[in-house]
Amino acid sequence: MADIKYRKLILILLVVLIAAVLLSSVFYSYDSQIVISLNSYRNPTMDWLFLTITNIAGTITYVVAALALIISFIKRFKAIKLQLRAIALAAALSGLLATVLKHIIHRVRPQDVYLVIRDLGPGGGWSFPSGHSCDAFVLAAILSLVYPKKRLIIPVYCWAITVGFSRMYLGVHYPSDVLGGVLIGSSMALLAYYICTFRRVKA
């Protein structure tokens, strides 16, 4: 039963990852049009809302990851320890891969290319992938794997999607940057879950 549930989760994540890659390719030529359009609908209330969401995204992910790691040394049951460490490992892998790719790809941010875009939020360094989107989706994905309950999965994914949207609204990322973040965060969550739980359980 556990193997069947695990395979279903893998299938769902693979569909998400494939969709992200395809959409990134399809929308690549429309990246600038989309981000310029979204950025043009700014207003003070939405500015404050999306700035707040984007500013706390990374903090939420890494605080949860740090707490999970700390608690894993306190819990006595091995299964729980592995689940908690999977959360911490997923965040670490996602953050590391996103940083490496940024320095390899060197994609310039939209607000540095198009003068019509008003930079509303934090966005230093290179553009691809969106680090905030990586952070949000790695947390959503690993929590959905470790605790596969609808009452948790639905709100965390709604939050992750909102974080990704906020990066485009604020004018600091292209849609393909965000979709790259979805891909990286989700895949690193799956890898961490596999390393920390599935392989050891099978052994």
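Quick look at the structure, then. Owing to the predicted nature of the structure, the values given are computational and were not obtained by experimental measurement. Here the residue numbering is sequential within each chain, running from 1 through the sequence in written order. Only residues with pLDDT of at least 70 are given local features in this predicted model, and only at 80 or more are side-chain atom pairs given and counted; all residues enter the totals for whole chains, interfaces and linings. By convention in this description, side-chain values take in all heavy atoms of the structure and omit both hydrogens and water.

**As for the overall build of the protein**
Going by this rule: Labels follow the DSSP assignment, with helices taken as runs of H or I lasting at least four residues and strands as runs of E lasting at least two, numbered in each case from the N terminus. Partly exposed residues are those whose accessible area sits between 20% and 50% of the maximum for their type, while under 20% is buried and over 50% is exposed, using a 1.4 Å probe and protein chains only. Every residue pair with non-hydrogen atoms within 4.5 Å of one another is taken to be in contact. For accessible areas, the Shrake-Rupley method is used with a probe of radius 1.4 Å. Any residue's cover is judged against the shown protein chains and nothing else.
In terms of regular secondary structure, the protein is built from seven helices and zero strands. Going residue by residue from the N terminus, the α and β elements of the protein occur as α-α-α-α-α-α-α. For the protein, with 203 residues in total, the buried portion stands at 45%. Intrachain contacts of the protein at a sequence separation of at least 6 include 80% that bridge at least 24 residues. Accessible surface computed for the protein: about 10800 Å², of which carbon and sulfur atoms make up 71%.

**What about a nonpolar patch on the surface?**
Stated precisely, the cut-off is as follows: Any residue with relative accessible area above 30% and no salt bridge may belong to a patch, with like charges joined within 9 Å and the nonpolar Val, Leu, Ile, Met, Phe, Trp and Tyr side chains within 5 Å. In what follows, salt bridge is the name for a side-chain nitrogen of Lys or Arg lying within 4 Å of a carboxyl oxygen of Asp or Glu.
On the surface, Val-63, Leu-67, Leu-69, Ile-70, Ile-71, Phe-73 and Ile-74 cluster together into a nonpolar patch covering about 660 Å² of accessible area. Residue placement: Phe-73 occurs in the loop between helix 3 (44-72) and helix 4 (78-105). You can call Phe-73 exposed: its relative accessible area is 58%.

**Focus on the environment of Leu-101**
Within the secondary structure, Leu-101 is located in helix 4. Each C-alpha atom of the pair Leu-101 and Trp-126 lies 9.3 Å from the other, and the pair is 25 residues apart in sequence. Residues contacting Leu-101, with those up to four places away along its chain left out, are His-106, Phe-128, Pro-129 and Ile-184.

**Here's the deal with the environment of Leu-115**
Within the secondary structure, Leu-115 is located in the loop between helix 4 and helix 5 (131-146). Counting along the chain gives 79 residues from Leu-115 to Ile-36, while the straight-line C-alpha distance between them is 9.9 Å.

**Comments concerning the packing of aromatic side chains**
Put simply, the test is: Geometry of aromatic contacts follows a simple scheme: Phe, Tyr and Trp rings, the Trp one being its six-membered ring, pair when their centres are within 6.5 Å, and the pair is stacked under 30 degrees between planes, edge-to-face over 60, tilted otherwise. Think of it as a cone above the ring: NZ of Lys or CZ of Arg counts as a charge over the ring if it is within 6 Å of the ring centre and within 35 degrees of the ring normal.
The tally for this structure, following the rule as stated, stands at three aromatic pairs. Centre to centre, the rings of Phe-50 and Tyr-169 are 4.8 Å apart; their planes meet at 45°, and the pair counts as tilted. With a gap of 119 residues between them, Phe-50 in helix 3 and Tyr-169 in helix 6 (residues 150-169) connect regions that are remote in the sequence. This pair shows no difference in class: Phe-50 is buried, exactly as Tyr-169 is. A connected cluster of aromatic rings, assembled from ring pairs, spans Phe-50, Phe-165 and Tyr-169. Just above the ring of Phe-73 sits the side chain of Arg-85; from NZ or CZ to the centre is 4.7 Å.

**Observations regarding the nonpolar core**
Stated precisely, the cut-off is as follows: The definition of a nonpolar core used throughout is a set of buried Ala, Val, Leu, Ile, Met, Phe, Trp, Tyr and Cys residues joined through side-chain atoms within 4.5 Å.
Among the nonpolar cores identified, the biggest contains 30 residues, and Ile-142 and Trp-159 are the most heavily contacted of them. Of all the secondary structure elements, the ones that give two or more residues to this core are helix 3, helix 4, helix 5, helix 6 and helix 7 (175-202). The greatest single-element share of this core, amounting to ten residues, is contributed by helix 5. Contacts of Trp-159, omitting those with residues within four sequence positions, involve Ala-57, Ile-60, Thr-61, Ala-136 and Leu-139.

**Brief notes about the side chain of Asp-47**
Rules: Between N or O atoms, a polar contact is any pair within 3.5 Å; within protein, one atom must be a potential hydrogen donor and the other a potential acceptor, and residues adjacent in sequence are included only when both atoms are from side chains.
By the secondary structure assignment, Asp-47 is in helix 3. Separated by 2.6 Å, the side chains of Asp-47 and Tyr-169 make a polar contact.

**Description of helix 6**
What counts is decided by this rule: Helix span is expected to be 1.5 Å times the residue number reduced by one.
Counted at 1.5 Å a residue, the expected span for helix 6 with its 20 residues is 28 Å, and the 28 Å between its end C-alpha atoms agrees. Of all the residues in helix 6, the buried ones are Val-156, Trp-159, Ala-160, Val-163, Gly-164, Ser-166, Arg-167, Met-168 and Tyr-169. Downstream of helix 6 by one or two residues, Gly-171 has phi in the positive range, about 80°.

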